[in-house]
Amino acid sequence: MDELAMAYTQDDLSAVQTAIISLATGKRVVRVMLSSGKTIEYDTAGLKDLKTLRSEIQAELNAAAGKRRFFRTVTSKGL
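An account of the accompanying structure is given in this report. (Residues numbered from 1 in each chain as written. Predicted model: local features only at pLDDT ≥ 70, side-chain atom pairs only at ≥ 80, totals over all residues. Heavy atoms only, no water.)

This part takes up the pairing of strand E1 (residues 29-33). Every other side chain in a regular strand lies on the same face of the sheet, so the side chains alternate between the two faces. Of the two faces of E1, the one lined by Val30 and Val32 is fully buried and the one lined by Val29, Arg31 and Met33 carries no buried residue. Taken together, the five bridges between E1 and strand E2 (residues 39-43) define a ladder with antiparallel strand orientation. Looking at E2, one finds that valine 29 is bridged to aspartate 43. Where E1 folds back on E2, the antiparallel hairpin that results is connected by five residues, among which glycine 37 adopts a positive phi of roughly 95 degrees. (Buried < 20%, exposed > 50% of the residue type's maximum accessible area, 1.4 Å probe, protein only. Helix = DSSP H or I, 4+ residues; strand = E, 2+ residues; numbered from the N terminus. Pairing = 2+ DSSP bridges.)

It is worth spelling out the pattern of salt bridges at this point. For the structure on display, the rule yields one salt bridge. Glutamate 41 is paired through a salt bridge with arginine 31; the nearest N and O atoms lie 2.9 Å apart. Of this pair, glutamate 41 sits in strand E2 while arginine 31 sits in strand E1; the two residues are 10 residues apart in sequence, bridging distant segments of the chain. Relative accessible area serves as the criterion here: at 47%, glutamate 41 is assigned to the partly exposed category. Judged by relative accessible area, which is 63%, arginine 31 ranks as exposed. (Salt bridge = Lys/Arg side-chain N within 4 Å of Asp/Glu carboxyl O.)

So this is what it looks like as structure tokens:
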């Protein structure tokens, strides 16, 4: 995918989130216009791809802002 190599903006994230909500609430087709000028069309079958794109944009924005994600794992022997 082309869009993976580009720099995303907060506006791109907002557009993707709006598109996800539109599809989730019954709209059949949505168009997302990215800051690069590229327009991508998704239908209800593409909801998973749209959510993946949202995660990628969020990760890129977090990396650019210097934010890190930490996962804390807790285990127990069950005793």
